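Listed here are the chains, written in short residue letters.
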Amino acid sequence: MRSTGFRRTFAALSVCSLALAVSACGSGDDDSASGKTRITVNCMPPKSAKVDRQFFEQDIAAFEKANPDIDVVAHDAFPCQDPKTFDAKLAGGQMEDVFYTYFTDARHVVDINQAADLTPYVKELKSYGTIQQQLRDIYTVDGKIYGVPRTGYSMGLIYNKALFEKAGLDPDKPPATWEELRAAAKKIAALGDGTIGYADYSAQNQGGWHFTAELYSQGGDVVSADGRKATVDTAEGRAVLQNLHDMRWTDDSMGSKQLLVINDVQQMMGSGKLGMYLSAPDNIPILVKEKGGNYKDLALAPMPGGEGTLIGGDGYMFNKKAGPEQIRAGLKWLEHMFLTPGKGFLGDYARAKKADAPVGLPEPRLFTGAADAKDQEVKEAHANVPVENYQAFLDGNQSLEMKIEPPSAQQIYSVLDGVVSAVLTKKDADIDQLLEDASGKIDSILARG
């Protein structure tokens, strides 16, 4: 599952339009009529995102000026990747030379033989060795490198400091366990006037996504280490569901309206009527810019439970038809756009600040060592959000296991959606039976590969 996109929520993927038909996606032609190496790329901001579109075009122009032998043809639409058309584009030879993927796509694209092997070329990518190893590993399959990470996120707990204070809770000491979260949610809900202590998703696969994050937080897992069997019918799985059940039905701290999705919960938080929900840091600017929230009231804590957190993110892979020069040109483009600390589309914090985009959120944090230090230094110099509100998240994440989403994630989330929604809409839901049934369905999904 994706989060909402780190500062750049518009990111785009397009089916090759008729207007661009002369420069077909993934053509494999290294040279255009001008003799340049031409690459098609996606995830360009749509025209409706005027500022980000302008930044993207500026960065491409600067890249082409610095590399006059490369011609970049960018394609836009929304979102960056549409799961409904993604496989069809790959199978139909319509994918761009350099194309956007979620972390959970990497092995699938390799398994269906639609990705170019980048292993011989990544040594030319100066920044590759500075990217976090666990993120690089996501695009490494059977010892070969098939993609390059662009951003990464980890789940945490967004909470409203103003409501914490109003409920007599310490806003500088967010709940560290699910027991503490339950107690805090109950106090916040007791404020009345439609205030809800804790909200969770339970529809459109988002409930399954959050169940997975909550299971990770308690030390559990969705599938076995070899990816062949479900592991949700466990003490940890029951603890997740029992906690949700008790908050919903015993404490009445989750409100009566259920089957919520991300937009519902964001609206509740932005309006000041919600105490807490699980999220990545990229939700914060949306809560302010689109939902009426205030940066000073919104804080971020690590996942309760103290065991682990779900990580996700995105990156780029290369069309299997891309030639050697296109791969080299694409890697240069990625380095220029996304992989130079403090610069480029995601890293030019001075430019972002001038455009009133939020600077100072704790993620994405892509790099390590000196590269990370440089990126953080530039970010801190241009911060325009209350960074102290996110320190607990940064500190707490240091001790958590970072766990990627399960294989066949969307199919599994669909199964788990039904489990979570049943618990939140039926007071007498049979948790043991729900987990047993879900386990069998997930086993079937895994067996199909």
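Before any of the text, the structure's been laid out above.
Because the structure is a prediction, the values reported are computed rather than measured.

Basis of the calculations
- Residues numbered from 1 in each chain as written.
- Predicted model: local features only at pLDDT ≥ 70, side-chain atom pairs only at ≥ 80, totals over all residues.
- Heavy atoms only, no water.
- Salt bridge = Lys/Arg side-chain N within 4 Å of Asp/Glu carboxyl O.
- Helix = DSSP H or I, 4+ residues; strand = E, 2+ residues; numbered from the N terminus.
- Buried < 20%, exposed > 50% of the residue type's maximum accessible area, 1.4 Å probe, protein only.
- Expected span 1.5 Å × (residues − 1).
- Patch = residues over 30% accessible without salt bridge, like charges linked within 9 Å, V, L, I, M, F, W, Y side chains within 5 Å.
- Areas by Shrake-Rupley, 256 points an atom, 1.4 Å probe, with all protein chains shown as cover.
- Lys, Arg positive; Asp, Glu negative; His and termini not counted.
- Charge placed at Lys NZ, Arg CZ, Asp CG, Glu CD.
- Disulfide = S-S within 2.5 Å.
- Core = buried A, V, L, I, M, F, W, Y, C linked by side-chain atoms within 4.5 Å.
- Contact = heavy atoms within 4.5 Å.
- Phe/Tyr/Trp six-rings, centres within 6.5 Å; stacked < 30°, edge-to-face > 60°.
- Lys NZ or Arg CZ within 6 Å of the ring centre and 35° of its normal.
- Axes fitted to C-alpha atoms, helices over the stretch in contact; angles between N-to-C directions.
- Left-handed = near helix turned anticlockwise from the far one by under 90°.
- Nonpolar A, V, L, I, M, F, W, Y, C, P; charged D, E, K, R; others polar.

**Student:** Could you clarify how one ought to interpret the pattern of salt bridges in this entry?
**Tutor:** Oppositely charged side chains can form a pair if their charged atoms are brought close together. For the structure on display, the rule yields 18 salt bridges. A salt bridge links Asp-59 to Arg-351, with the shortest nitrogen-to-oxygen separation between them at 2.9 Å. Here Arg-351 lies in helix α13 (residues 349–354) and Asp-59 lies in helix α1 (residues 50–66), a separation of 292 residues in the sequence. The same class applies to Asp-59 and to Arg-351, which are both buried. Among the ionic pairs, Lys-89 bridges to Glu-96, the shortest N-O distance being 3.2 Å. The residues Lys-89 and Glu-96 share a single accessibility class, namely buried. Beyond isolated ion pairs, a larger network of salt bridges with shared partners links Arg-53, Glu-57 and Asp-76.

**Student:** Just checking my understanding: could you explain helix α7 (residues 206–217) for this structure?
**Tutor:** Each α-helix winds once per 3.6 residues, and so residues spaced three or four apart point in a common direction. When the terminal C-alpha atoms of α7 are compared, their 17 Å separation across 12 residues agrees well with the 16 Å that a helix rising 1.5 Å per residue should span. The element α7 is extensively covered by neighbouring structure, given that 12 of its 12 residues are classed as buried. Among the residues of α7, those classed as buried are Gln-206, Gly-207, Gly-208, Trp-209, His-210, Phe-211, Thr-212, Ala-213, Glu-214, Leu-215, Tyr-216 and Ser-217. Immediately downstream of α7, the backbone of Gly-219 shows phi near 90°, a positive value.

**Student:** Teacher, can you tell me more about a negative patch on the surface here?
**Tutor:** On the surface, Asp-428, Asp-430, Asp-432, Glu-436 and Asp-437 cluster together into a patch of negative charge. Residue classification places Asp-432 among the partly exposed positions, given a relative accessible area of 44%.

**Student:** What is the right way to read the state of the cysteines from this model?
**Tutor:** Disulfides are covalent bonds that link the sulfur atoms of two cysteine residues. What the rule picks out here adds up to 1 disulfide. Across the disulfide from Cys-43 sits Cys-80; the S-S distance is 2.0 Å. Because the torsion about its S-S bond is 60°, the bridge between Cys-43 and Cys-80 counts as right-handed. Of this pair, Cys-43 sits in strand β1 (residues 37–44) while Cys-80 sits in the loop between β2 (70–76) and α2 (83–91), and the two are 37 residues apart along the sequence.

**Student:** Help me out: how do you make sense of the nonpolar core in this one?
**Tutor:** The nonpolar side chains of a soluble globular protein tend to be buried, and buried together. Formed by 73 residues in total, the largest nonpolar core has its most connected members in Tyr-198, Phe-211, Leu-244, Met-276 and Ile-442. Considering every element that reaches this core, the biggest residue donor is helix α16 (residues 409–425), with 9 residues. Core analysis: the second largest hydrophobic core is formed by 56 residues, Phe-55, Ile-311, Met-317 and Leu-346 among them.

**Student:** What's the story with the environment of Lys-427 in this structure? I'm lost.
**Tutor:** Mapped onto the secondary structure, Lys-427 falls in the loop between α16 and α17 (431–448). In sequence terms Lys-427 and Ile-145 are 282 residues apart; their C-alpha atoms lie 48 Å from each other. Leave out the neighbours within four places in its chain, and Lys-427 touches His-245 and Trp-249.

**Student:** Would you mind showing me how to read the packing of aromatic side chains here?
**Tutor:** Pairs of aromatic rings are described using the distance from one ring centre to the other and the angle between the two planes. The tally for this structure, following the rule as stated, stands at 13 aromatic pairs. Ring centres 6.0 Å apart and planes at 80° place the aromatic pair Phe-103 and Tyr-139 in the edge-to-face group. Of this pair, Phe-103 sits in the loop between β3 (98–102) and α3 (106–111) while Tyr-139 sits in the loop between α4 (133–138) and β4 (140–141), placing them 36 residues apart in sequence. In this pair, the class of Phe-103 matches that of Tyr-139, namely buried. Taken together, the ring pairs in this structure connect Phe-56, Tyr-100, Tyr-102, Tyr-316, Trp-333, Phe-338 and Phe-345 into an aromatic cluster. Sitting above the plane of the Trp-249 ring, Arg-248 keeps its charged end 3.9 Å from the centroid. The lysine or arginine in question, Arg-351, covers the ring of Phe-55, its NZ or CZ lying 4.2 Å from the ring centre.

**Student:** Explain the packing of α7 against helix α8 (residues 235–250) here, please?
**Tutor:** Helix packing geometry: the angle between the two helix axes and the distance between the axes. At their nearest, the axes of α7 and α8 sit 9 Å apart, and the two run at 115° to each other. As for how α7 packs across α8, the hand of that crossing is right-handed. Between α7 and α8, the residues in contact are Phe-211, Glu-214 and Leu-215 and Glu-236, Gly-237, Val-240, Leu-241 and Leu-244, respectively. Looking at side-chain class alone, the contact of α7 with α8 contains 5 nonpolar, 1 polar and 2 charged residues.

**Student:** Would you explain unusual backbone geometry in this entry?
**Tutor:** Trans is the common state for peptide bonds, and a negative phi is the common state for residues other than glycine. Note that the residue after Glu-363, namely Pro-364, is joined by a cis bond; omega there is 5°. Assignment of secondary structure puts Pro-364 in the loop between α13 and α14 (369–381). You will see that Asp-193, though not glycine, has its phi angle at about 55°, which is positive. Topologically, Asp-193 is positioned in the loop between α6 (178–189) and β8 (196–198). On the accessibility criterion, Asp-193 (66% relative accessible area) is exposed. Notably, Leu-259 is not glycine yet its phi reads approximately 55°, a positive angle. Mapped onto the fold, Leu-259 is located in the loop between α8 and α9 (262–270). In this structure Leu-259 comes out as partly exposed when scored by relative accessible area, which is 48%.

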